[in-house]
Amino acid sequence: MRVVVAEDSLLFREGLIRLLTDLGHEVAAAVGDAPTLLAAVDQTRPELAIVDIRMPPDQESDGARAAVAIRDRHPAIGVLLLSQHIELRHCMELIGTPGFGYLLKDRVLHLDQFDDALHRVADGGVALDPEVVQALVRSRQAPALERLTKRETQVLELVAQGHSNTAIGATLGMSDRTVETHMRSIFGKLGLLDDAATHRRVRAVVAYLESGGAGRVS
């Protein structure tokens, strides 16, 4: 697939380019700041943009803000955020939407899983690092999960435990795509697709964790 890479660390950027090339992907552009990223995406129209959250010019969440802009300008382009540490403030409206992923940078070292995440996001799926899910979980208090079906509750429980889509599918006897369909339904029911209601989804996951519900998955 055609990929644009945005990473301000030259060493990490060059390593990512080499890794992507070895995996058979075409790196259409590799840039070091958010404004150049937006220009590169506009010009090359890749299938996927891999974006570091902290980038110049401000060295804060410039990459996350650029990801939101990419989604606004080019809804069909997948966006995968990478971060050394979890930062949610400027990307909450993207979490759970089709064609979005958020991984910690050390996940890049797990090549098969990383490549699977690339393809999943580029194909309109979702890839969330388990630690990102845990950060969402810890950030709010939670109401109950009455709106979810039994199967959706099982899927969400396994997500909260840090399982990948493939592992969830193997546990529950369903394909990766079916898992993603359930996740989109969950996100919609719990308000994640409505930015003003994002905290309702977060609180719902907390409710599961605080209830000791891990043993409920059969």
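Just so you know, these numbers come straight off a predicted model, no measurement behind them. (Residues numbered from 1 in each chain as written. Predicted model: local features only at pLDDT ≥ 70, side-chain atom pairs only at ≥ 80, totals over all residues. Heavy atoms only, no water.)

What follows covers the sheet that holds strand β5 (residues 100–104). Overall, parallel pairing links the six strands, which are arranged β2-β1-β3-β4-β5-β6 in an open sheet. Lying at the two open borders of the sheet, with one neighbouring strand each, are β2 (26–31) and β6 (126–128). Ignoring strand direction, the axes of neighbouring strands in this sheet form an average angle of 20°. When strand β4 (residues 78–83) meets β5, the two strands line up parallel, connected through five bridges. Bridged to Ser83 within β5 is Leu104. (Pairing = 2+ DSSP bridges. Helix = DSSP H or I, 4+ residues; strand = E, 2+ residues; numbered from the N terminus. Axes fitted to C-alpha atoms, helices over the stretch in contact; angles between N-to-C directions.)

This brings us to the packing of aromatic side chains. Scanning the model with the defined rule gives zero aromatic pairs in all. Directly above the ring of Phe12 sits Lys105, whose terminal nitrogen or CZ lies 4.8 Å from the centroid. (Phe/Tyr/Trp six-rings, centres within 6.5 Å; stacked < 30°, edge-to-face > 60°. Lys NZ or Arg CZ within 6 Å of the ring centre and 35° of its normal.)

Okay, the environment of Asp116 next. Summarising the element assignment, Asp116 is placed in helix α4 (residues 111–122). A C-alpha to C-alpha distance of 9.7 Å links Asp116 and Thr166, two positions 50 residues apart in sequence.

A few words now on the pattern of salt bridges. As enumerated under the stated definition, the model contains eleven salt bridges in all. Here Asp22 and Arg18 are joined by a salt bridge, their closest N and O atoms 3.3 Å apart. Note that Asp22 and Arg18 are positioned in helix α1 (residues 10–22) at a spacing of four residues, about one turn of the helix. Of the two residues, Asp22 and Arg18, neither departs from the other in class, the shared state being exposed. Sharing partners across several salt bridges, the network here consists of Glu7, Asp52 and Lys105. (Salt bridge = Lys/Arg side-chain N within 4 Å of Asp/Glu carboxyl O. Buried < 20%, exposed > 50% of the residue type's maximum accessible area, 1.4 Å probe, protein only.)

You can see Ser83 is positioned in strand β4. Note on Ser83: relative accessible area 2%, which makes it buried. Excluding residues that lie within four positions of it along the chain, Ser83 makes contacts with Asp52, Ile53, Tyr102, Leu103, Leu104 and Lys105. (Contact = heavy atoms within 4.5 Å.)

Counting buried residues along strand β1 (residues 2–6), four of its five residues qualify, which places the element largely inside the surrounding structure. Across five bridges, β1 lies against β2 in parallel orientation. Bridge pairing links Arg2 to Glu26 in β2. The handedness of the β1 to β2 crossover, carried by α1, is right-handed. Sheet topology note: the β1/strand β3 (residues 48–52) ladder contains four bridges and is parallel. Across the sheet, the residue bridging to Val5 is Ile50, located in β3. (Right-handed = clockwise from strand over helix to strand, strands pointing away.)

This part covers the confidence of the model for the protein chain. Across the protein chain, the average pLDDT comes to 80, with 77% of residues at 70 or higher. Confidence, expressed as mean pLDDT per element, reaches its minimum in the protein chain at helix α9 (residues 198–210) with 45 and its maximum at β1 with 98. Within the model, the stretch residues 139–145 combines pLDDT values under 50 with 20 contacts to residues more than four positions away or in other chains. The model gives residues 193–204 a pLDDT under 50, and that stretch makes 35 contacts with residues more than four places away or in other chains. (pLDDT = per-residue confidence, 0-100.)

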